[in-house]
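Chain by chain, the residues run as shown.
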Amino acid sequence: MHDHLPPGVELVKADEFTEWLMDIKVLDDNPLYRNEVYRLKFRFPNSYPIEAPEVVFVKDDTHPIPWHPHIYSNGIICLDLLDRQGWSPVHNVESVCVSLQSMLTGNTKKERPPGDENFVKYNTQRPRDINFLFHDNSV
């Protein structure tokens, strides 16, 4: 897989099908994301690819959490592709990375989802168990 990744996507670490780290960059000149590299953590359920992996952005010294109206400050992503209803076994790590690149490319708002602070403070659910309402296709 390492040799056949889409542009702007890099495999950092892959532990079998338990946890993978991927780095992604936005390839256009969007000023919100210019020169940034974002790290994604994939956790795979035993039933993958029938069920979606759990995917979050990870913050460390060199990788920020991207600003986006569908990305919480703790790295949780509100994206229908990662939801039980939106996932299909035809998707894979590459298609998730490309979808996130596209989601970032089209964004012009440096903001967090409404209620970010309370969500991050009080949420106790794993990302895969959260039932998001998908109603905003404009970002």
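A quick note: this is a predicted structure, and the numbers were derived from the prediction, not measured. Numbering of residues starts from 1 in every chain and runs along the sequence as written. A pLDDT threshold of at least 70 governs which residues receive local features in this predicted model, and a stricter bar of 80 or more applies before side-chain atom pairs are shown or counted, although totals over entire chains, interfaces and linings include all residues. To get the side-chain values, all heavy atoms of the structure are used, and hydrogens and water are removed first.

Draft legend 1. A look at the nonpolar core. Ranked by internal contacts, the top residues of the largest apolar core, which has 29 residues, are Met22, Ile24, Leu40, Phe42, Phe57, Ile77 and Leu100. Strands here mean DSSP runs of E at least two residues long; helices mean DSSP runs of H or I at least four residues long; both are numbered from the N terminus. Elements represented by at least two residues in this core include exactly β1 (9-15), β2 (19-24), β3 (38-43), β4 (54-58) and α1 (93-105). When residues of this core are assigned to their parent elements, the largest contribution, six residues, is made by α1. Any pair of residues with heavy atoms lying within 4.5 Å of one another is described as a contacting pair. Leaving out residues up to four positions away in the same chain, Phe57 has contacts with Ile24, Tyr38, Arg39, Leu40, Ile65, Pro66, Ile71, Asn74, Gly75, Ile77 and Leu100. By nonpolar core we mean a set of buried residues, namely Ala, Val, Leu, Ile, Met, Phe, Trp, Tyr and Cys, connected to one another through side-chain atoms within 4.5 Å. Exposure classes here rest on a 1.4 Å probe applied to the protein chains alone. A residue is buried below 20% of its type maximum, exposed above 50%, and partly exposed in between. By size, the runner-up hydrophobic cluster in this structure holds five residues, among which are Tyr72, Ile76, Phe119 and Ile130.

Draft legend 2. How the structure looks around the side chain of Asn107. Position of Asn107 relative to the elements: it lies in the loop between α1 and α2 (116-122). Relative accessible area serves as the criterion here: at 1%, Asn107 is assigned to the buried category. Any pair of N or O atoms that falls within 3.5 Å is considered a polar contact. Within protein, one atom must be able to donate a hydrogen and the other to accept it, and sequence-neighbouring residues count only if both atoms are side-chain atoms. In terms of polar contacts, Asn107 uses its side chain to reach the side chain of Tyr33, at 2.7 Å.

Draft legend 3. Fine view of unusual backbone geometry. The step from Tyr48 to Pro49 runs through a cis peptide bond, and the omega angle for that step is 10 degrees. Turning to its location among the elements, Pro49 is positioned in the loop between β3 and β4. Even without being a glycine, Glu16 presents a positive backbone phi close to 50 degrees. Look at Glu16 and you get exposed, because its relative accessible area is 69%. Within the chain, Asn35 stands out as a residue other than glycine whose phi angle is a positive 65 degrees. The topology assignment puts Asn35 in the loop between β2 and β3.

Draft legend 4. Just the pairing of β4, in detail. The element β4 is extensively covered by neighbouring structure, given that four of its five residues are classed as buried. Between any two strands, pairing holds if DSSP finds at least two bridges. Pairing of β3 with β4, which is carried by five bridges, proceeds in the antiparallel orientation. Paired with Leu40 across the bridge in β4 is Phe57.

Draft legend 5. Molecular detail of the pairing of β1. Sheet analysis places β1 next to β2, joined by six bridges and oriented antiparallel. Pairing of Asp15 across the sheet is with Glu19, part of β2.

Draft legend 6. Fine view of the pattern of salt bridges. A pairing counts as a salt bridge when a side-chain nitrogen of Lys or Arg comes within 4 Å of a carboxyl oxygen of Asp or Glu. Throughout the structure, instances matching the rule amount to six salt bridges. When the shortest N-O distance is used, the salt bridge between Lys13 and Asp15 registers 3.6 Å. Residue Asp60 is joined to Arg39 by a salt bridge in which the shortest nitrogen-to-oxygen separation is 3.7 Å. Taken together, the residues Asp60 in the loop between β4 and α1 and Arg39 in strand β3 connect sequence positions 21 residues apart.

Draft legend 7. Up close: the UniProt feature "active site" (unreviewed entry) in the chain. UniProt positions are given in the numbering used here, feature names are shortened, and annotations may be inferred rather than shown by experiment. In this numbering, the UniProt entry assigns the feature "active site" (unreviewed entry) to Cys78. Along the chain, Cys78 falls in the loop between β4 and α1. Exposure remark for Cys78: the relative accessible area of 12% places this residue in the buried category.

Draft legend 8. α1, seen in detail. In this model, α1 (13 residues) spans 18 Å end to end at C-alpha, consistent with the 18 Å of a helix rising 1.5 Å per residue. Inspection of α1 places Val93, Val96, Cys97, Leu100, Gln101, Met103 and Leu104 among the buried residues, and these make up the whole buried set. Viewed along the axis of α1, the buried residues span an arc of 160 degrees, placing them on a single side of the element. On its buried face, α1 is in contact with β1, β2, β3 and β4. One side-chain oxygen of the residue at the start of α1 lies 3.0 Å from the amide nitrogen of Glu94, identifying that residue as Asn92. A helix's residues, less one, multiplied by 1.5 Å, set its expected span. In this description, one arc is meant: the one made by directions from the helix axis to the C-beta atoms.

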